[in-house]
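Coordinates in review
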Amino acid sequence: MTSRPYSIETIGIVGTGAMGRGIAQIAALAGLNVRLYDTNPAAIGAARDYLAETFAKLTEKGKLEHARALAALACVTGAQTVGELAGCDLVIEAIVENLDVKRTLFRELEAVVGDRCVLASNTSSLSITAIAAACTDPSRVVGYHFFNPVPLMKVVEVIDGLRGDPAVGDALMGLARRMGHTPVRAKDMPGFIVNHAGRGMNTEGLRIAGEGVASFADIDRIMREQAGFRLGPFELLDLTALDVSHPVMESIYHQFYEEPRFTPSPITGTRLAGGLLGRKVGEGFYRYVDGKQQVPPEAPAPTALPARVWVSRQQACARDAVLQLVAKAGVPLDEGDAPAADSLIVVTPFGLDATTAAVDENLDARRVVAIDALFPLVGAKRRTLMTTPATTRDVRDAAHALFAADGVPVTVIHDSTGFVAQRVVATIVNIGCDIAQRQIASPQDIDLAVTLGLGYPRGPLALGDALGASTILTILRNLSRVLGDPRYRPSPWLARRAQLGLSLTQGDAADASTQGSQQ
Ligand code: NAI
C-alpha cells in the first residue's frame, strides 16, 4: 500500500523556548503559517517579540527585505489552547525533555488534529518509538531533531520510529529543504547520528587527560592545530557546558548497555559537582575573564639540537617525512642498522606508546622519542612528541628543538598509546563506522550530519578514507593489543573495508542499485 503524500503549509509549534522560536523563525521565513503554543502564555509573547526583533535586525543588516520580514511575521500567530492547533498539517513539539510529559502532549494533540496531521518531536535523547507508542496512530509520529541555534545550524535529523510511515519522514525531509536546512535520515537509536558520533572526541579526550598524558590546553591545541578540528574536546565541553554534556555522556553510555566505546569519565562528574560548568559560568576547563578564554601560555622551544639522529625504519612514509625535517634542521643522520651510542632515537609508531615501540624494536628507551606522523609532518601547524618514562630530559629537549627548528610549535606529551590525535581520530572514525554498520543512517548522511552538526572538517568516514582506513585499523588494533580494552576494538565496517581496500563511505556492492554499480 502506498500512502498519500503529506502536504504541509500550516505548522503548530508547542514549546516556544530556545528551540521552538528558532524553528518558528525558519518556518515563517519559508512562507509557512506558524501557530505557537506554550503552557506559559508569556513565552508565546516573548517568542513573537524575539522573532520581530530578529527580523528587524536581519532587515537592518540588509539580509532580509522589509516586505518579506513583515510577511513572515504576519504568518506567526499565537494559540491559547492545544485545541487551536486543530487545523495544522504538522505539529512540532519542543517542550521539556521528559517522556511522560511528551506522551501526554501527543495524546492531547491526537485528539484535536486531523488524521493527516504529522506529529513531530524535537527530542535529542528520547526514543521516537516510545513517544509514538502513546498514540492511537503511531505511523504519523516522527523525530525532527534540530540543533541550537536553529537558524545557524543548518542540519536536521529526521527520525523514523519503528511504526513510522516512511511517507511522513519523506515529507519532513522535503520541508527541511524548503526551510533552507539539510535533512539527514536516521533510525530511532540513542543519540541518533550527531550525538552518537560526537562521543568519540569528548570521551577519548577525557580519557587522555585522565591518564595524565597532557594538559587540557595541550590536548585542545593538538586537536585543533595538528588534527585540523575547529575546537578541541575541552573547548567544546566548555561551550556546551557540563550540566548538558555530562548527562548526555552518561545517558548514551547506559542506553547502549555500557558500551565501552562511550564510557564517560569521572573528570566531568567531579567538575560538574564543583560547578565548573564551562564558559557560561566563567570557569570550566578554562577560566573566562569578560567572556575571554584564558589559555595558559606554552614554554618557548629549546634550541640545543641533538648531535645526530637515528630514525626507525618501521614506517617508510613517516621515516621519509622525519628525514626531511632532520635535513632541514641540518642535523647529521645516523644511518646505522642500529642507533649509535650518542644518537637521539626517533620512532614513528601508529597506535602504540613510545615504550612499546622502543621495546618492540629493542631500542634504548632512555634515548627514545616518538613523533606522531598520522597527519603530514612537513607543512604541519603543530607536531606532537612523546617520551617513554625512561627518556632523559636532555634527549626530550633535543628532540623538541629538532622538530621545532622550522618554527612549527611542538607539544611534548607523556607516553600515550596512540599519542593524542591518533587515538582521538581513530575513535571518531571507528564510532562513525559503527553507526554505518548498525545501519542507523547511510554513510553519506553520517558524514553530512557530522560536518554540519559538529563542525568537523570532514565526516568520520571521509576522514578515515583521507588518512587511510588501513592506518586507522592498525591504530585501533594496536590500541586493543596494548591496552586490552574493548573500547578500541575495530568496527566490522572499518575492518572489512580496510582489508579489502574499499572506501569507508561505500555500502555493500551487492546492495548498490544497478545504476549506481555501473558508475
Ligand atoms: P526551553 O526550556 O528553552 O523551552 C521549553 C518551552 O516549553 C518552555 O517555554 C516551556 O514553558 C514549554 N513547555 C514545557 N512543558 C510544556 C508542555 N507540556 N506544553 C507546552 N509547553 C511546554 O527548552 P529548549 O532548549 O527549547 O528545548 C526544548 C526541546 O528541544 C527539548 O526536548 C530538548 O531536548 C530539545 N532540544 C534542545 C536543544 C538545545 O540545545 N536546547 C537541541 C536539540 C533539541
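What you are looking at is a predicted structure, and each value in this text was computed from that prediction instead of being measured.

**Regarding the pairing of strand β7 (residues 155-160)**
- Of all six residues making up β7, five are buried, and the element is well covered by its neighbours.
- One ladder, built from four bridges, connects strand β6 (residues 141-145) with β7; its direction is antiparallel. Bridge assignment links Tyr144 to a residue of β7, and that residue is Val158.
- Here six bridges tie β7 to strand β8 (residues 182-187), and the two strands are oriented parallel to one another. Paired with Ile159 across the bridge in β8 is Ala186.

**Some thoughts on the pattern of salt bridges**
- Taken as a whole and judged by the stated rule, the model has 29 salt bridges.
- With its nearest N and O atoms 3.7 Å apart, the salt bridge here joins Asp406 to Lys328. On the criterion of sequence distance, the pair formed by Asp406 in the loop between α15 (393-403) and β15 (410-413) and Lys328 in helix α13 (residues 316-329) is long-range, its members being 78 residues apart.
- Judged by relative accessible area, Asp406 falls into the partly exposed class, the value being 31%.
- Arg367 serves as the salt-bridge partner of Asp364, at 3.2 Å between the closest nitrogen and oxygen.
- Overall, Asp364 belongs to the partly exposed group, its relative accessible area being 24%.
- We classify Arg367 as buried; its relative accessible area is 14%.
- Three or more residues are tied together by salt bridges with common partners; here these are Asp218, Arg221, Arg224, Glu225, Glu235, Glu298 and Arg382.

**As for the nonpolar core**
- Formed by 121 residues in total, the largest nonpolar core has its most connected members in Val91, Met223, Phe229, Phe403, Val420 and Val425.
- Ranked by residue count, the leading element in this core is helix α16 (residues 421-437), at ten residues.
- Ignoring sequence-local partners within four residues, the contact set of Phe403 consists of Val322, Leu325, Val346, Ile371, Arg383, Leu385, Val408 and Val410.
- By size, the runner-up hydrophobic cluster in this structure holds 40 residues, among which are Tyr6, Ile44, Leu172 and Met179.

**Describing the site of the ligand**
- In the region of the ligand, 20 residues are neighbours, and Met19, Asp38, Glu97, Lys102 and Asn122 sit closest.
- Within the backbone of Met19, an N or O atom sits 2.8 Å from an oxygen atom of the ligand.
- A distance of 3.1 Å separates an oxygen atom of the ligand from a polar atom in the backbone of Ile95.
- Here the ligand loses 71% of its free accessible area of 840 Å² to cover by the protein chains.

**Let's talk about the pairing of strand β5 (residues 118-121)**
- Residues Val118 and Ala120 of β5 are buried on one face, and the alternating residues Leu119 and Ser121, pointing to the opposite face, are buried as well.
- The handedness of the strand β4 (residues 90-93) to β5 crossover, carried by helix α4 (residues 99-112), is right-handed.
- In this sheet, β6 lies alongside β5 in parallel orientation, the contact comprising three bridges. Looking at the pairing, Leu119 lines up with Val141 of β6.

**Examining the packing of aromatic side chains**
- For the structure on display, the rule yields six aromatic pairs.
- Ring geometry for Phe216 against Phe234: centres 4.7 Å apart, planes inclined by 50°, an arrangement best described as tilted. Of the two residues, Phe216 is situated in helix α9 (residues 216-226) and Phe234 in helix α10 (residues 233-240); the sequence distance between them amounts to 18 residues.
- The class for Phe234 is buried, based on a relative accessible area of 0%.
- Taking the centre distance of 4.8 Å and the plane angle of 70° together, the rings of Phe216 and Phe285 count as edge-to-face. Taken as a pair, Phe216 in helix α9 and Phe285 in the loop between α12 (266-273) and β9 (287-289) lie far apart in primary sequence, 69 residues in all.
- Classification of Phe216 by relative accessible area gives partly exposed; the value is 21%.
- Overall, the relative accessible area of 9% leaves Phe285 in the buried class.
- Three or more aromatic residues joined by ring pairs form one cluster here, namely Phe216, Phe234 and Phe285.
- The residue whose ring lies beneath Arg21 is Tyr50, and the NZ or CZ to ring-centre distance is 5.2 Å.

**Observations regarding helix α20 (residues 492-500)**
- Along α20, the positions that sit buried rather than exposed are Trp493, Leu494, Ala495, Arg497 and Ala498.
- Among the residues trailing α20, Gly501 stands out with phi positive, at a value near 70°.

What counts as what
- Residues numbered from 1 in each chain as written.
- Predicted model: local features only at pLDDT ≥ 70, side-chain atom pairs only at ≥ 80, totals over all residues.
- Heavy atoms only, no water.
- Buried < 20%, exposed > 50% of the residue type's maximum accessible area, 1.4 Å probe, protein only.
- Helix = DSSP H or I, 4+ residues; strand = E, 2+ residues; numbered from the N terminus.
- Pairing = 2+ DSSP bridges.
- Salt bridge = Lys/Arg side-chain N within 4 Å of Asp/Glu carboxyl O.
- Core = buried A, V, L, I, M, F, W, Y, C linked by side-chain atoms within 4.5 Å.
- Contact = heavy atoms within 4.5 Å.
- Near = heavy atom within 4 Å.
- Polar contact = N/O pair within 3.5 Å; in protein donor to acceptor, adjacent residues only side chain to side chain.
- Areas by Shrake-Rupley, 256 points an atom, 1.4 Å probe, with all protein chains shown as cover.
- Right-handed = clockwise from strand over helix to strand, strands pointing away.
- Phe/Tyr/Trp six-rings, centres within 6.5 Å; stacked < 30°, edge-to-face > 60°.
- Lys NZ or Arg CZ within 6 Å of the ring centre and 35° of its normal.

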